[in-house]
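Understanding the architecture of this molecule
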Amino acid sequence: GESVGLHLPTLSVQEGDNSIINCAYSNSASDYFIWYKQESGKGPQFIIDIRSNMDKRQGQRVTVLLNKTVKHLSLQIAATQPGDSAVYFCAENTLQEYGNKLVFGAGTILRVKS
Amino acid sequence: GAVVSQHPSRVICKSGTSVKIECRSLDFQATTMFWYRQFPKQSLMLMATSNEGSKATYEQGVEKDKFLINHASLTLSTLTVTSAHPEDSSFYICSAREWRLASTDTQYFGPGTRLTVL
């Protein structure tokens, strides 16, 4: 069945270090993946996305890597800042009979230590 | 651009009452809106997909008679939790997909509504 899971439920990093958040997905037919950041009491905030015809995409301080061979997705945050502390979700886009839907992973809590 | 709002941001109600939550796309038209539920320390779970002018499609295990969804215009979808019970207490989040960009699959999320049923 469909599932998107994360290896690490909590990640603590020192301010200024790089963070890597991982995600495994199971639906090899998924063609679009997104990383979201969610702060306490708020809705998910889009960070970066990647399509299945790519293996890497870079944004401002963030990079997403996609390894379709092992169905693995990662989010790299460079020079992590206290404001990066939040829960991070990966999501995969799956095609349904009635359209597309997002399946979210379990989430990783990122704690940035000053 | 691509701002989605929800109202109210939080609501407390008595068991047995109904609660309506609004989701609006403020600067774009959304042919499709999605409703999610999120329990504490858990992920977002899709409840239903709402297409403007048609009936919503509910995910398995979600009671359509309990969670009424109306998507009457391209900028507004409503979720009504009927006869709410304490177990319905949760964080309800909507998202919207812009009709011109439907092929991109990008969803824009609202800020969420915290529902507490006493």
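For the structure, see preceding data.
Residues numbered from 1 in each chain as written. Chains lettered and ligands numbered in written order. Predicted model: local features only at pLDDT ≥ 70, side-chain atom pairs only at ≥ 80, totals over all residues. Heavy atoms only, no water.

1. Topic: unusual backbone geometry
Looking along the chain, the bond that leaves His7 of chain B and enters Pro8 of chain B is cis, with omega of -5°. In this structure, Pro8 of chain B sits in the loop between strand E1 (4-7) and strand E2 (10-13). In this model, Lys71 of chain A sits at a positive phi of 55°, which is unusual for a non-glycine residue. By secondary structure assignment, the location of Lys71 of chain A is in the loop between strand E7 (62-67) and strand E8 (72-77). (Helix = DSSP H or I, 4+ residues; strand = E, 2+ residues; numbered from the N terminus.)

2. A word on the sheet that holds strand E3 (residues 19-25) of chain B
Residues and elements named next belong to chain B. In spatial order, the strands read E1-E3-E8-E7; together these four strands make up an open sheet with antiparallel pairing. Both outer strands of the open sheet, E1 and strand E7 (67-73), are each paired with one neighbouring strand and no more. Direction aside, the axes of adjacent strands within the sheet are offset by 15° on average. Of the strand pairs in this sheet, E7 and strand E8 (residues 76-81) are connected by five bridges, and their pairing is antiparallel. Residue pairing in the sheet places Phe67 in a bridge with Val81 of E8. (Pairing = 2+ DSSP bridges. Axes fitted to C-alpha atoms, helices over the stretch in contact; angles between N-to-C directions.)

3. Things to note about the pattern of salt bridges
Residues and elements named next belong to chain A. Counted under the stated rule, the structure contains seven salt bridges over all chains. With a shortest N-O distance of 3.4 Å, Lys42 and Glu39 are connected by a salt bridge. On the basis of relative accessible area, Lys42 is assigned to the partly exposed category, the value being 45%. The structure contains a network of salt bridges with shared partners spanning Lys37, Glu39 and Lys42. (Salt bridge = Lys/Arg side-chain N within 4 Å of Asp/Glu carboxyl O. Buried < 20%, exposed > 50% of the residue type's maximum accessible area, 1.4 Å probe, protein only.)

4. Section: the pairing of E8 of chain B
Residue and element names in this part refer to chain B. Counting buried positions along E8 yields five of six residues, so the element is predominantly enclosed. Sheet topology places E3 next to E8; six bridges connect them, and they run antiparallel. Counterpart to Cys23 in the pairing with E8 is Ser77. Joining the antiparallel neighbours E7 and E8 is a turn of two residues.

Honestly, that's just the spatial picture; any functional story needs more than this.
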